[in-house]
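Structural overview for review
Residue strings, one per chain:
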Amino acid sequence: MAATAKNKKSSRKPEPGIPAIEITDLYASYQGRTVLKGVNLTVYEGESMAILGRSGCGKSTLLRLMIGLMKPDSGSIRIKGQDITRMKEEERKEFLKKIGMLFQSAALFNSMTIGDNVALPLREHTQLEESTIQIMTRMKLDLVGLSGFENFYPSQLSGGMRKRAGLARALAMDPEILFCDEPSAGLDPIVAAGIDNLLLKLKRAFNMTLVVVTHEMASVFTIADRIAMMHDGQILAVGTPDEIRKNPHPFVQQFLNRVPDQEVQDKEMVLQTLMGKGTP
């Protein structure tokens with residue numbers, strides 16, 4: 001009984017700690033369209049935060065802002081106490097070496113071996129000896145279950161293995177914060193579950209802060225200590241998985257229960273009526 005209680009993931013709300021990321025009144029636009037509308041969010045050191053929402057809600061834009069690929073129209077993003085939106089370009093590039101990024105497609109260079117893909121950040125951003133880089137590369141590949149695959153090319157690996165290779169590269173510089181964009185997208189349920197469990201294992205082993213942007217419900221409730229639900233460019237609700245499940249907001253419940261928009265429901269009803277399967 002005690003072992004079961006120990007292994008079960010706690011649903012207790014984590015105690016607030018030291019902020020790793022503080023987003024304040026963030027606005028951003030793209031091609032004249034306002035995408036983020038006053039986003040406020042705090043992610044604490046050592047926690048797993050899942051940013052959840054439907055396609056087009058602004059979660060990918062928020063991720064790009066947090067990793068420094070975009071600048072906001074206004075507002076601030078403080079990472080480890082420093083506002084990256086007010087840094088000069090070179091200063092921001094140097095600071096962002098402290099973070100890791102797992103892209104949705106893994107974003108591996110097809111012309112390079114897996115080993116060279118993982119070693120690339122170390123060769124670009126450190127003065128380490130090549131022998132040391134080779135050792136660190138093999139260590140990172142071993143961590144994600146790809147020991148012995150350093151001489152393979154991305155095209156020779158399965159989708160799940162490419163995702164693991166991308167994760168090894170994201171960990172190359174021993175980041176304090178790891179960002180993941182749809183880490184289980186395009187994978188079958190068994191492989192996706194393996195990626196989720198690997199992320200949790202690595203987070204605990206390295207005491208990293210984990211930020212995952214996704215719309216995969218199974219992954220969210222496996223990975224997240226807290227969930228930020230986005231809708232129409234704003235943070236609609238933030239809480240533990242249990243708190244989000246119980247949140248009474250109509251959109252939160254619509255999303256969690258996979259209920260289509262009313263317009264879609266109306267079109268389906270008309271279609272059923274035309275086919276003689278319903279009544280007007």
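Not measured: the values here are computed from a predicted model. (Residues numbered from 1 in each chain as written. Predicted model: local features only at pLDDT ≥ 70, side-chain atom pairs only at ≥ 80, totals over all residues. Heavy atoms only, no water.)

**Some thoughts on the sheet that holds strand E6 (residues 99–102)**
Defined as follows: Criterion used throughout: strands pair if DSSP finds at least two bridges between them. Helix and strand labels come from DSSP, where a helix needs a run of H or I of at least four residues and a strand needs a run of E of at least two; each type is numbered from the N terminus. Note on definitions: angles span 0 to 180 degrees between N-to-C directions of axes, and those axes are lines fitted to C-alpha atoms, for helices only across the stretch in contact. Here, two residues are considered to be in contact whenever any of their heavy atoms come within 4.5 Å of each other.
With respect to topology, six strands assemble into an open sheet ordered E6-E7-E8-E3-E9-E10, the strand pairing being mixed. This sheet does not close on itself; its edge strands, each paired only once, are E6 and strand E10 (234–239). Direction aside, the axes of adjacent strands within the sheet are offset by 15 degrees on average. Helix H2 (residues 59–66) rests against strand E3 (48–52), E6, strand E7 (177–181), strand E8 (209–214) and strand E9 (226–231) of the sheet, and its axis sits at about 145 degrees to E8. Each of E6 and E7 is contacted by helix H6 (residues 159–170), which is oriented at about 170 degrees to E6, the strand it contacts most.

**Re unusual backbone geometry**
Keep this limit in mind: Accessible area is worked out with a 1.4 Å probe on protein chains only. A residue is then buried under 20% of its type maximum, exposed over 50%, and partly exposed in between.
Positive phi, normally seen in glycine, also occurs at Glu182, with a value near 45 degrees. Secondary-structure assignment places Glu182 in the loop between E7 and helix H7 (189–206). According to the relative accessible area criterion, Glu182 is buried, its value standing at 5%. Even without being glycine, Arg258 reaches a positive phi, approximately 55 degrees. Following the sequence through the fold, Arg258 ends up in the loop between helix H10 (250–256) and helix H11 (262–274). With relative accessibility at 75%, the residue Arg258 sits in the exposed group.

**Overview of the packing of aromatic side chains**
Rules: Centre distance within 6.5 Å is the pairing criterion for rings of Phe, Tyr and Trp, where only the six-membered ring of Trp is used; planes under 30 degrees apart are then read as stacked, over 60 as edge-to-face, and the remainder as tilted. Geometrically, a charge over a ring is one whose NZ (Lys) or CZ (Arg) sits within 6 Å of the ring centre while staying within 35 degrees of the ring normal.
Going through the model one piece at a time under the given rule, you end up with two aromatic pairs. Considering the side-chain rings of Phe149 and Phe152, the 5.0 Å spacing of their centres and the 50 degrees angle between planes classify their relative orientation as tilted. Judged by its relative accessible area of 25%, Phe149 falls in the partly exposed class. Lying across the ring of Phe221, Arg245 places its NZ or CZ 4.1 Å from the centre.

**Side note on the nonpolar core**
Threshold: Grouping buried Ala, Val, Leu, Ile, Met, Phe, Trp, Tyr and Cys residues that are joined through side-chain atoms within 4.5 Å yields what is termed a nonpolar core.
Among the nonpolar cores identified, the biggest contains 32 residues, and Ile21, Ile23, Leu36, Ile51, Leu62, Met66 and Phe179 are the most heavily contacted of them. Sequence-distant contacts of Leu62, defined by excluding residues within four places in its chain, comprise Ile23, Leu26, Leu36, Val39, Ile51 and Met230. Ala170, Leu171, Ala192 and Leu198 belong to the second-largest nonpolar core, a separate cluster that totals 27 residues.

**Topic: the pairing of E7**
With five of five residues buried, E7 is to be regarded as a mostly interior element. Residues Ile177, Phe179 and Asp181 line one face of E7 and the alternating positions Leu178 and Cys180 line the opposite face, and both faces are buried. When E6 meets E7, the two strands line up parallel, connected through four bridges. Paired with Ile99 across the bridge in E7 is Ile177.

**Here we look at the confidence of the model for the protein**
In plain terms, the rule: Looking at any residue, its pLDDT shows the predictor's confidence there, from 0 to 100.
Across the protein, the average pLDDT comes to 86, with 88% of residues at 70 or higher. Between residues 1–14, whose pLDDT stays under 50, and residues either more than four places distant or in other chains, the model counts 13 contacts.

**What about the sheet that holds strand E1 (residues 19–30)?**
Pairing between the strands of a sheet is mediated by backbone hydrogen bonds and can be parallel or antiparallel. In spatial order, the strands read E2-E1-E4-E5; together these four strands make up an open sheet with antiparallel pairing. Looking along the sheet, the strands with just one partner apiece sit at the ends: strand E2 (33–44) and strand E5 (82–83).

**Looking at the layout of surface pockets**
Just so we agree on the cut-off: With a 1 Å grid laid over protein atoms only, a set of points is called a cavity when a 1.4 Å probe fits there but cannot get out and a pocket when it is open yet has protein on both sides within 12 Å along at least five of seven lines; lining residues have an atom within 4 Å of a point. Grid points are joined across faces, edges and corners, and a volume is the space filled by probe spheres set on the points. Residue type decides the class: Asp, Glu, Lys and Arg count as charged, Ala, Val, Leu, Ile, Met, Phe, Trp, Tyr, Cys and Pro as nonpolar, and the leftover types, Gly among them, as polar.
Put simply, the largest pocket is a space of about 720 Å³. Together, 21 residues line the largest pocket, and Leu96, Ile99, Met101, Phe103 and His125 are the ones closest to its centre. The set of elements that each furnish at least two residues to the lining of the largest pocket consists of helix H3 (89–95), E6, helix H4 (114–125) and H6. When residues in the lining of the largest pocket are grouped by element, the largest group, four residues, is from H4. Grouping the amino acids of the lining of the largest pocket by side-chain chemistry returns twelve nonpolar, four polar and five charged.

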